[in-house]
Amino acid sequence: MSKRLLHTPEGVRDIYGEEYKRKERIEGLIQEKIYDFGYEGIQTPTFEFFDVFSREIGTTSSKELYKFFDKEGNTLVLRPDFTPSVARCAAKYYMETKQPVRLTYRGNAFTNNSLLQGRLKESTQMGAELIGDDSVEADAEIIALTCEALFHAGLSDFQISIGNVAYFKGLCADAGIDEETELELRDYVSGKNFFGAREFLEESGVKSRVLDRLLAVSSLFGGVEILDKAADAGDNETSKKAVKRLKSLYKTLKLYDVEKYVSFDLGLLSKYNYYTGIVFKGYTYGVGDSIVKGGRYDNLLSRFGKDAPAVGFVILVDDLMNAMSTQNVPVSIDDEKIVTLKYDKNDKDDYEEKLAEALKLRHVGGSRVRLIPTK
């Protein structure tokens with residue numbers, strides 16, 4: 001029977017050698033900084049019941065999920081997104097906890113996408129969730145931690161773009177747009193498909209004057225000064241409160257000394273419909289999309305039985321690594337030399353002697369030792 005070389009499926013890849021060492025080091029640095037902020041580790045299953053990622057939850061669309069069945073006939077999915085999993089877990093195990101809970105995770109997520117922009121279908125993600133605190137200070141902590149984690153990993157040239165979903169929801173409510181139409185419109189706006197959004201609104205019978213006000217949100221981006229313009233454009237209580245929250249957030253971020261890495265974009269939305277307040281993305285050179293995503297989701301935990309606000313972020317490790325490689329950002333690797341001991345495989349005494357030496361070097365000297373048989 002002839003042998004053939006097997007490759008990985010489309011959208012996944014092997015990581016080994018020097019690249020694996022760099023990835024391991026970057027993940028370790030990010031984890032160090034998250035722990036510095038008092039977060040505790042959590043591990044959730046790689047696959048969950050379909051209901052954890054259903055349309056009602058507001059996460060990845062069903063067509064992009066990897067679905068399969070167990071022997072009882074339950075529909076299971078590979079997790080596409082950590083936040084609903086962490087929310088489910090926190091609702092179960094921290095149901096009676098009144099104080100804020102800080103959790104951090106790392107692992108792989110799976111999305112059955114069409115490989116647009118060459119994105120992987122399996123990606124490594126690391127993030128943190130602050131549960132049980134609805135304050136602007138909690139928003140600031142999450143964004144500041146995002147910045148600190150990127151700094152600690154070695155990246156210094158990046159920008160965090162911040163919006164507020166509530167601003168757009170206020171505009172839609174003021175225009176008399178129902179929730180179902182709003183959610184579909186958000187898909188267009190979050191994808192920056194404003195031509196599609198205009199066509200959709202026209203087909204929905206939205207008047208041109210209202211339509212122009214809604215789509216004008218795409219021009220509301222820039223430094224903190226754009227928030228005054230956004231307040232004038234959002235002439236309703238919900239939108240004005242959203243802008244006020246962003247202004248307060250900016251003041252708090254100045255205390256962390258990270259405001260220079262922050263900009264605002266009132267047209268920034270997310271494909272995840274569970275976000276209710278601030279949303280943000282982190283950008284840098286060398287990749288075509290964001291390397292960080294996050295936001296506030298005050299209603300998600302209630303879907304799993306616990307009424308608690310929350311805010312969090314995720315770092316897309318593979319994209320971060322690509323950016324750092326493109327920017328020639330050095331990653332210091334503990335490249336301790338491996339001691340090689342050779343033994344004669346036909347000489348039992350020689351093997352026992354070299355094995356004893358290897359054990360001594362490993363246990364007493366703390367060395368890395370490999371045993372290799374000679375031919």
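Going by the structure above, here's the rest.
Everything quoted here is computed from the prediction, not taken from an experiment. (Residues numbered from 1 in each chain as written. Predicted model: local features only at pLDDT ≥ 70, side-chain atom pairs only at ≥ 80, totals over all residues. Heavy atoms only, no water.)

(A) Structural view of the overall build of the chain. Counting its regular elements, the chain contains eleven helices and 14 strands. Taking the principal axes of the C-alpha coordinates as reference, the chain spans close to 90 × 55 × 45 Å. For the chain, the share of sequence-separated contacts (at least 6 apart) that also reach a separation of at least 24 residues comes to 70%. Here the chain displays about 20,100 Å² of accessible surface, and carbon together with sulfur accounts for 48% of that area. (Helix = DSSP H or I, 4+ residues; strand = E, 2+ residues; numbered from the N terminus. Contact = heavy atoms within 4.5 Å. Areas by Shrake-Rupley, 256 points an atom, 1.4 Å probe, with all protein chains shown as cover.)

(B) Here's a closer look at the nonpolar core. Residues Ile 162 and Leu 320 are the most contacted members of the largest nonpolar core, which totals 96 residues. When sequence neighbours within four positions are dropped, the list of residues in contact with Ile 162 reads Ile 143, Leu 246, Leu 249, Leu 253, Val 262, Ser 263, Phe 264, Asp 265, Leu 268, Val 279 and Phe 280. (Core = buried A, V, L, I, M, F, W, Y, C linked by side-chain atoms within 4.5 Å. Buried < 20%, exposed > 50% of the residue type's maximum accessible area, 1.4 Å probe, protein only.)

(C) Focus on the pattern of salt bridges. By the definition in use, this model includes 16 salt bridges. Between Asp 36 and Lys 33 there is a salt bridge, with the nearest N and O atoms lying 3.4 Å from each other. Here Lys 33 and Asp 36 lie together in helix H1 (residues 17–36), a separation of three residues that amounts to about one turn. On the basis of relative accessibility, which here comes to 54%, the residue Asp 36 falls in the exposed class. (Salt bridge = Lys/Arg side-chain N within 4 Å of Asp/Glu carboxyl O.)

(D) Examining H1 more closely. Relative to the 28 Å expected for 20 residues at 1.5 Å per residue, H1 spans 29 Å between its end C-alpha atoms, a close match to the ideal helical length. Among all positions in H1, only Lys 23, Ile 26, Glu 27, Leu 29, Ile 30, Gln 31, Lys 33 and Ile 34 are buried. Close packing links the buried residues of H1 with strand S5 (101–110), strand S6 (122–131), helix H3 (136–153), strand S12 (310–316) and helix H10 (317–326). With its phi angle positive at about 90°, Gly 38 sits one or two positions after the end of H1. (Expected span 1.5 Å × (residues − 1).)

(E) How the structure looks around the sheet that holds S6. If you trace the nine strands from one edge of the open sheet to the other, you get S1-S5-S6-S12-S11-S10-S7-S9-S8, paired in mixed fashion. With partners counted over all chains shown, the strands left at the sheet margins are strand S1 (40–41) and strand S8 (221–222), one partner each. As paired strands, S5 and S6 are joined by ten bridges and run antiparallel to one another. Note on S6: the bridge partner recorded for Arg 102 is Leu 130. Against the sheet, helix H2 (residues 82–93) contacts S5 and S6, and its axis sits at roughly 135° relative to S5. On the sheet, H3 packs against S5, S6, strand S7 (158–164), strand S10 (278–284), strand S11 (292–296) and S12 and is oriented at approximately 15° with respect to S12. (Pairing = 2+ DSSP bridges. Axes fitted to C-alpha atoms, helices over the stretch in contact; angles between N-to-C directions.)

(F) Highlighting the environment of Ser 204. Relative to the helices and strands, Ser 204 is located in the loop between helix H6 (194–203) and helix H7 (208–215). For Ser 204, a relative accessible area of 38% translates into the label partly exposed.

(G) Looking closely at the pairing of S10. Taking burial as the measure, the seven residues of S10 include six buried ones, the bulk of the element. Two elements, S10 and S11, share four bridges in a ladder whose sense is antiparallel. If you follow Val 279 over to S11, its bridge partner there is Gly 295.

(H) Here's a closer look at the packing of helix H5 (residues 179–190) against H6. At a minimum axis separation of 8 Å, H5 and H6 run at an interaxial angle of 155°. Regarding the angle of H5 to H6, the classification is roughly antiparallel. Two secondary-structure elements touch here, H5 through Thr 181, Glu 184, Leu 185, Tyr 188 and Val 189 and H6 through Phe 194, Gly 196, Ala 197, Phe 200 and Leu 201. Of the residues belonging to the contact of H5 with H6, the class tally is seven nonpolar, two polar and one charged. (Parallel < 35°, antiparallel > 145°, perpendicular 65-115°, else oblique. Nonpolar A, V, L, I, M, F, W, Y, C, P; charged D, E, K, R; others polar.)

(I) How the structure looks around unusual backbone geometry. With a phi close to 65°, Asp 257 is a non-glycine residue in the positive phi region. Positionally, Asp 257 belongs in the loop between helix H9 (237–256) and strand S9 (262–265). In this model, Asn 328 sits at a positive phi of 55°, which is unusual for a non-glycine residue. Mapping Asn 328 onto the fold places it in the loop between H10 and strand S13 (338–344). The class for Asn 328 is exposed, based on a relative accessible area of 65%.

(J) Spatial organisation of the pairing of strand S14 (residues 368–374). Pairing between S13 and S14: seven bridges, direction parallel. Within S14, the position partnered with Tyr 343 by the bridge is Pro 373. In this region the chain leaves S13, passes through helix H11 (residues 348–363) and returns to the parallel neighbour S14; the handedness of that crossover is right-handed. (Right-handed = clockwise from strand over helix to strand, strands pointing away.)

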